[in-house]
Amino acid sequence: MMLMNTHAARLDALRKQLQRQGLDGFVIPISDEHMSEYVGAYAQRLEWLTGFGGSAGTAVVLTDAALEPAAAMFVDGRYTLQVRDQVDARHYAYESVPETSVAAWLADHAPQGARIGFDPWLHGKRWATATAEKLKPCGAQLVPVAQNPVDAVWPDRPAPSAAPALVHDERHAGQSSEAKRAQVAEWIGGKGLDAAVITALDSLAWLLNIRGSDIDRTPVVLANALVHADGTADLFIAPAKVTPELRAHLGAAIRIHDDTAFVPALAELAGKRVAVDPDHSVQAIFSALEDASA
């Protein structure tokens, strides 16, 4: 693929990819699979596409470049000047949050009957539900994509960090991971549940007494976990991040799996009652559990 050195070329490439995927538009947030406030380089899709380097923002791109406007950038008041310095006004309209929202803009500007794509691994359940509802009056549909179209046209996209997970000593943590998991297990049992999904990286770091360097200035590890009512847990993490020290620290009560086993593990929760935090877990996790009849 030819290198795309300008943001205009990247936008054009994305529109061609949206056409290939049968989409009339796509929503690009600053987010990752853990709904983190700060994300690793591999998840900086918005910056790559538009040039915007702030820590909070969203773009909407409509496939038809002839529409007016055909794309928009949504930022809050912190970035009013920055977005104008970094994002080309010839290609994106500037929209202010919370005065407007992605859902409201799409309801006003999406073509009748449009298929608007979103990556279910980058958006929360509440956002997806509210946006889909907002699009109904114009006959538009919010469509989860299996392949993020930005990733498909980003030729030199960085890989997720492979830095090893680090043990956070109990002297500094204040409590052992076993004690913390016992508290969570007590809560799970008290609610009549079988398991809880833990995807927020700071929560995972606290629960397992681990740290990492996967995101700049944020000492967390890219991983997911399932905690069960008996206090055991399953940790889903890239094999390169697992050291002998980590295995010894986690012990036998925490089963370590390749990170690619996370979605299949959700599918195995059929018939189980599972806690998921809608503020810190993406739509894809809810969909996987619902598909499994959890």
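The structure contained in this document is the topic of the report that follows. (Residues numbered from 1 in each chain as written. Predicted model: local features only at pLDDT ≥ 70, side-chain atom pairs only at ≥ 80, totals over all residues. Heavy atoms only, no water.)

1. Some remarks on the packing of aromatic side chains
Thought 1: The final tally for this structure, using the stated rule, is five aromatic pairs.
Thought 2: For the ring pair Trp-48 and Trp-154, a centre distance of 5.4 Å and an interplane angle of 20 degrees mean the geometry is stacked. Placement of the pair is Trp-48 in helix H2 (residues 45–50) and Trp-154 in the loop between helix H6 (149–153) and strand E7 (166–167), with a sequence separation of 106 residues. An identical accessibility class is assigned to Trp-48 and Trp-154; each is buried.
Thought 3: Relative to Tyr-79, the ring of Phe-52 has its centre 5.4 Å away and its plane inclined at 85 degrees; by these criteria the two rings are edge-to-face. Taken together, the positions of Phe-52 in the loop between H2 and strand E2 (58–62) and Tyr-79 in the loop between strand E3 (71–75) and helix H3 (80–86) put the pair 27 residues apart, joining distant regions of the chain.
Thought 4: The exposure class of Tyr-79 is buried, given its relative accessible area of 9%. (Phe/Tyr/Trp six-rings, centres within 6.5 Å; stacked < 30°, edge-to-face > 60°. Helix = DSSP H or I, 4+ residues; strand = E, 2+ residues; numbered from the N terminus. Buried < 20%, exposed > 50% of the residue type's maximum accessible area, 1.4 Å probe, protein only.)

2. Some points on the nonpolar core
As a rule of thumb, soluble globular proteins bury nonpolar side chains together.
Thought 1: Core analysis: the largest hydrophobic core is formed by 33 residues, its most contacted members being Ile-28, Phe-52, Val-61, Met-73 and Tyr-92.
Thought 2: Counting residues per element, the ones that place at least two in this core are helix H1 (7–20), strand E1 (25–29), H2, E2, E3 and H6.
Thought 3: Ranked by the residues each element gives to this core, the list is headed by H1, at four residues.
Thought 4: Excluding residues within four positions of it along the chain, Tyr-92 makes contact with Leu-11, Leu-49, Thr-50, Ala-59, Val-61, Ala-71, Ala-72, Met-73 and Val-87. (Core = buried A, V, L, I, M, F, W, Y, C linked by side-chain atoms within 4.5 Å. Contact = heavy atoms within 4.5 Å.)

3. Describing the pattern of salt bridges
Thought 1: Throughout the structure, instances matching the rule amount to 11 salt bridges.
Thought 2: Close ionic contact of Lys-16 with Asp-12 constitutes a salt bridge, the shortest N to O distance being 2.5 Å. One end of the pair is Lys-16 and the other is Asp-12, both in helix H1 and four residues apart, which spans about a single turn.
Thought 3: Take Lys-16: its relative accessible area is 40%, and that puts it in the partly exposed class. (Salt bridge = Lys/Arg side-chain N within 4 Å of Asp/Glu carboxyl O.)

4. A short note on helix H8 (residues 177–190)
Thought 1: Between its first and last C-alpha, H8 extends 20 Å over 14 residues, near the 20 Å set by a 1.5 Å rise per residue.
Thought 2: Taken together, the buried residues of H8 touch helix H7 (170–173), strand E8 (195–198), helix H9 (201–208), strand E10 (223–228), strand E11 (233–237) and strand E12 (254–258).
Thought 3: Taken from the residues just after H8, Gly-192 is the one with a positive phi, measuring 70 degrees. (Expected span 1.5 Å × (residues − 1).)

5. Details of the packing of H8 against H9
Packed helices, taken two at a time, are described by the angle their axes make and the gap between the axes.
Thought 1: One can describe the packing of H8 onto H9 by two numbers: an axis separation of 7 Å at closest approach and a directional angle of 120 degrees. Together, Ser-177, Lys-180, Arg-181 and Val-184 of H8 and Trp-206, Leu-207 and Leu-208 of H9 make up the contact between the two elements.
Thought 2: Looking at the contact of H8 with H9 residue by residue, the classes come out as four nonpolar, one polar and two charged. (Axes fitted to C-alpha atoms, helices over the stretch in contact; angles between N-to-C directions. Nonpolar A, V, L, I, M, F, W, Y, C, P; charged D, E, K, R; others polar.)

6. Some words on the pairing of E12
Thought 1: For E11 and E12, the ladder comprises five bridges, and the chain directions are parallel. Paired with Asp-234 across the strands is Arg-255, a residue of E12.
Thought 2: Regarding the hand of the β-α-β motif, the stretch spanning E11, helix H10 (residues 244–250) and E12 is right-handed. (Pairing = 2+ DSSP bridges. Right-handed = clockwise from strand over helix to strand, strands pointing away.)

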